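A structural walkthrough
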Amino acid sequence: MKLTLKIWRQKNADAKGKFVTYDFDGASPDMSFLEMLDAMNTKLIKARIDPVAFDHDCREGICGACGMYINGHPHGPGKAITTCHLSMREFKDGDTIYVEPWRAKAFPVVKDLIVDRTAFDKIQIAGGFISTNVGSAPDSHAIPVEKRKADEAFDSAVCIGCGACVAACKNASAMLFVSAKISQLALLPQGRIEATERVQAMVNKMDELGFGNCSNTGACEAECPKEISLVNIARLNREFYFAKIQ
Amino acid sequence: MDKFLGSSVTKKFVMAIAGLFIILFLLVHLGINFLLLIEDPVPFNSAAHFMASNVVVKVFEVVLMAGFLIHMIWGVVLQIQNWVARPKRYKRTSSSQTSFFSKYMIYLGIIIGVFLFIHFMNFYFVKLGWVEGDHENFYRMANDLFQLPLYIVIYLVSFLFLAFHLHHAFQSAFQTLGLNHNKYTPVIKGIGLIYSIVVPLGFSIIPIVIYFFK
Ligand code: SF4
Ligand code: FES
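A quick note: this is a predicted structure, and the numbers were derived from the prediction, not measured. (Residues numbered from 1 in each chain as written. Chains lettered and ligands numbered in written order. Predicted model: local features only at pLDDT ≥ 70, side-chain atom pairs only at ≥ 80, totals over all residues. Heavy atoms only, no water.)

1. Regarding the overall build of chain B
Convention followed: Strands are runs of DSSP state E lasting at least 2 residues, helices are runs of H or I lasting at least 4, and numbering of each runs from the N terminus. Each residue is placed in one exposure class: buried if its accessible area under a 1.4 Å probe, protein chains only, is under 20% of its type's maximum, exposed if it is over 50%, and partly exposed if it falls in between. A contact between two residues is defined here by any heavy atoms of the two lying within 4.5 Å. Where accessible areas are quoted, they stem from the Shrake-Rupley method and a 1.4 Å probe; at the residue level, only the protein chains shown are allowed to cover. Under this rule, positive means Lys or Arg and negative means Asp or Glu; His and the chain ends count for nothing. Note on charges: their place is set at NZ of Lys, CZ of Arg, CG of Asp or CD of Glu.
Each helix and strand counted, chain B has 8 helices and 0 strands in total. Order of helices (α) and strands (β) in chain B, N terminus to C terminus: α-α-α-α-α-α-α-α. In terms of overall dimensions, chain B has C-alpha extents of about 55 × 35 × 35 Å along its principal axes. Buried residues in chain B amount to 44% of all 214 residues. Here the analysis covers contacts within chain B between residues at least 6 apart in sequence; of these, 75% occur between residues at least 24 apart. Working note: accessible area of chain B is about 11,800 Å², and carbon and sulfur atoms make up 76% of it. Across chain B, the centroid of the 15 positively charged side chains sits 29 Å from that of the 8 negatively charged ones.

2. Side note on the overall build of chain A
Here is the rule: Values of the radius of gyration come from C-alpha atoms, whereas the globule rule sets the reference at 2.2 Å times the count of residues to the power 0.38.
Helices and strands together make up the secondary structure of chain A, namely 10 helices and 7 strands. In terms of overall size, chain A behaves like a compact globule, its C-alpha atoms giving a radius of gyration of 20 Å where 246 residues would be expected to give roughly 18 Å. With respect to the principal axes defined by its C-alpha atoms, chain A has extents near 60 × 35 × 30 Å. Expressed as a percentage of the 246 residues in chain A, the buried residues total 54%. As displayed, chain A offers around 10,800 Å² of accessible surface, 53% of which is attributable to carbon and sulfur atoms.

3. Here we look at the interface of chain B and chain A
The figure often quoted for interface size is the accessible area lost as the parts come together. Put simply, the rule is: Salt bridges, as used here, are contacts in which a Lys or Arg side-chain nitrogen is within 4 Å of a carboxyl oxygen on Asp or Glu. Any N or O atom pair separated by 3.5 Å or less is treated as a polar contact, with the protein-specific requirement of one donor-capable and one acceptor-capable atom, and with residues adjacent in sequence counted only for side-chain atom pairs.
Facing 35 residues of chain B, the contacting portion of chain A comprises 45 residues. For the interface between chain B and chain A, the tally reads 0 salt bridges. Counting across the chain B and chain A interface gives 30 residue pairs in polar contact (both at pLDDT 80 or more). Broken down by secondary-structure element, the contributors of at least two residues to the side of chain B that touches chain A are α2 (8–33), α4 (55–84) and α7 (149–176) of chain B. Element by element, the count of residues in the side of chain B that touches chain A is highest for α2(B), at 5 residues.

4. A word on the nonpolar core
Operational definition: Residues belong to one nonpolar core when they are buried, are Ala, Val, Leu, Ile, Met, Phe, Trp, Tyr or Cys, and are joined through side-chain atoms within 4.5 Å. Note that the domain bounds reflect an automated or database-derived domain assignment.
Within the largest apolar cluster, 44 residues are counted, with the highest numbers of intra-cluster contacts made by F107(A), V166(A), V178(A) and F211(A). For this core, the secondary structure elements donating two or more residues are α2 (118–127), α5 (164–168), α6 (175–186), α8 (195–208) and α10 (231–245) of chain A. If one sorts the elements of this core by residue count, α6(A) sits on top with 7 residues. Two domains share this core, each providing at least three of its residues, namely domain 1 (2–110) and domain 2 (117–130 + 143–244) of chain A. If we skip the residues at most four places from it in the chain, F211(A) touches A106(A), F107(A), A119(A), F120(A), I123(A), V166(A), A172(A), S173(A), A174(A), M206(A) and A85(B).

5. Looking at the packing of aromatic side chains
So the rule is basically this: Aromatic rings from Phe, Tyr and Trp, taking only the six-membered ring of Trp, are treated as a pair when their centres fall within 6.5 Å; an angle between ring planes under 30 degrees marks them as stacked, one over 60 as edge-to-face, and anything in between as tilted. Definition used: whenever NZ (Lys) or CZ (Arg) falls within 6 Å of the ring centre and also within 35 degrees of the ring normal, the charge is taken to sit over that ring.
All chains considered together, the criterion is met by 33 aromatic pairs over all chains. Where F120(A) meets F177(A), the ring centres are 3.6 Å apart and the plane angle is 5°; that geometry is what we call stacked. Of the two residues, F120(A) is situated in helix α2 and F177(A) in helix α6; the sequence distance between them amounts to 57 residues. We note that F120(A), like F177(A), is buried. Within the aromatic cluster, the residues linked to one another by ring pairs are F68(B), F117(B), F120(B), Y124(B), F125(B) and W130(B). Positioned above the aromatic ring of W8(A) is the side chain of R103(A), whose terminal nitrogen or guanidinium carbon lies 4.3 Å from the ring centre.

6. Some remarks on the domain arrangement of chain A
Residues and elements named next belong to chain A. Definition in use: As a working definition, buried area equals the accessible area (1.4 Å probe) given up by two parts on being put together, with both sides summed. Note that Gly is not counted as nonpolar here; it falls among the polar residues with everything else outside the nonpolar set of Ala, Val, Leu, Ile, Met, Phe, Trp, Tyr, Cys and Pro and the charged set of Asp, Glu, Lys and Arg.
Domain boundaries assigned for chain A yield domain 1 (2–110) and domain 2 (117–130 + 143–244). Placing the centre of domain 1 and that of domain 2 at their C-alpha centroids yields a distance of 28 Å. Facing the 21 residues of domain 1 at the interface are 21 residues of domain 2. For the pair domain 1 and domain 2, the two sides together bury roughly 1,500 Å², of which 58% comes from carbon and sulfur. Two residues, E227 and K79, come together in a salt bridge whose shortest N-O distance is 3.8 Å. Here domain 1 and domain 2 share 6 residue pairs in polar contact (both at pLDDT 80 or more) between them. Residue composition of the side of domain 1 that touches domain 2, by class: 11 nonpolar, 6 polar and 4 charged.

7. Points about unusual backbone geometry
Residue and element names in this part refer to chain A. Of note, R48 is a non-glycine position whose phi angle comes to about 60°, a positive value. Phi at R59 is positive, roughly 55°, even though this residue is not glycine. For R59, the position within the fold is in the loop between α1 (33–46) and β3 (69–70). Judged by relative accessible area, which is 27%, R59 ranks as partly exposed.

8. Focus on the sheet that holds strand β4 (residues 73–74) of chain A
Residues and elements named next belong to chain A. Condition: Strands are treated as partners if at least two bridges between them are detected by DSSP. Simply put, an axis is a line fit to the C-alpha atoms, just over the touching stretch for a helix, and the angle between two N-to-C directions goes from 0 to 180 degrees.
Pairing is mixed in the open sheet, where 5 strands are placed in the order β2-β1-β5-β3-β4. Edge positions in the sheet fall to β2 (18–24) and β4, since each has one partner strand and no second. Inspection of the sheet shows strand β1 (residues 3–9) paired to β2 by 7 bridges, in the antiparallel sense. Across the sheet, T4 pairs through a bridge with D23, a residue of β2. The sheet contacts of α1 involve β1, β2, β3 and β5 (96–100), and relative to β2 the element is tilted by about 90°.

9. Some thoughts on the pairing of β1(A)
All names here are of chain A. Burial analysis of β1 places 5 of its 7 residues in the buried class, which makes it a mostly covered element. As defined by bridge partners, β1 adjoins β5 across 4 bridges and the pair is classed as parallel. Residue T4 lies in a different strand from β5, and its bridge partner there is T96.

10. Section: the environment of C169(A)
All names here are of chain A. Along the chain, C169 falls in the loop between α5 and α6. You can call C169 buried: its relative accessible area is 11%. Sequence spacing of C169 and P74 is 95 residues, and the spatial spacing of their C-alpha atoms is 10.0 Å.

Right, dumping it as structure tokens:
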């Protein structure tokens, strides 16, 4: 496959950064998008050019590291996949592909396509956990949980913290991520105990870190690799109002 | 500043409540406007008079005006924060499956705001005595305005944009209030769609009928 790649290059957080065009003909349709970048980087290294820096870890769609904005979509075209699961079959020979880092004030660029997602950790640290001791696995099984609730909590818990929701949102809002982290605990009895403090602390932290406001546009839901639903955001809103009047 | 305005979720709550109040009021307003189509000016003028003098209505009027102001100010504040949250834009964008008009709410809102100002200059401020005019005969004033083609065009365009605004606004307000339900949300979306078409259409028919048939 012959490709024209227009990739955002930025030396470090303070550098200005610009798009650099690479004509690359070493891709095959069998590669994943990351493998294609690896192949291109090998070529760059051989030519003594600084390779393109990008985040990745598991390469099986579960760690959330491989965030990049490809041809106008977080994680590229295709529904419910991460960049590591994006196949080069999605592209045609001769295609021009734009690759950009996540763009948000709260996610500053570290280098090239790598952004600093510490903001998500800070939100989690503000309250995305439980501090009660639920014992070992058999003990926690002793607490009855309605099947429907358990399923819903699981659906929220599959969020991998990739940040595609922020990247997709026209307001760079983190509401889908935060709502998933709120929901996975709010739906379970173990999480209810600290629910009121949790939702307020996490929303305040989210605001403080400079994420935008949710406008119920739904781009996050459409682009989320784990198909986290807007229902979570409505739940966050409810949790927040009830916390305020308590 | 944020201490005063509250968190992002609080601001949106206020936006939604104010918006829903305006949505309710539009129905009342539309009902009264239909009286313009009757040959007799009395029913419309007495309805207008009732709206201007009744104590209960007066209370609602204050709430409504506060609603308009808050909805506009918060809308602008939220939008500015949203622009600030993405200082550097993407070079290559494409659209994903979204609530289409939500992307243009601020622009639609500004156009509707301009129309609202013209409308207030013509009627509401006259009633308050801030602008000169015969506030006892709004029937005549409305019918006169609807003889001006330029005014009718501005009016129709404004209501088209209102329809777009409402299309996103209605269901969005419920989502913001936390009311999202597998069974009922499609119903709410349906009602929102019908409302956003029928109400602006109702308002739009009136000047057309007056211009061509009266
Ligand atoms: S909600 Fe979806 S898009 Fe957002 S961080 Fe979680 S997995 Fe990624
Ligand atoms: S590298 Fe882990 S999700 Fe893609």
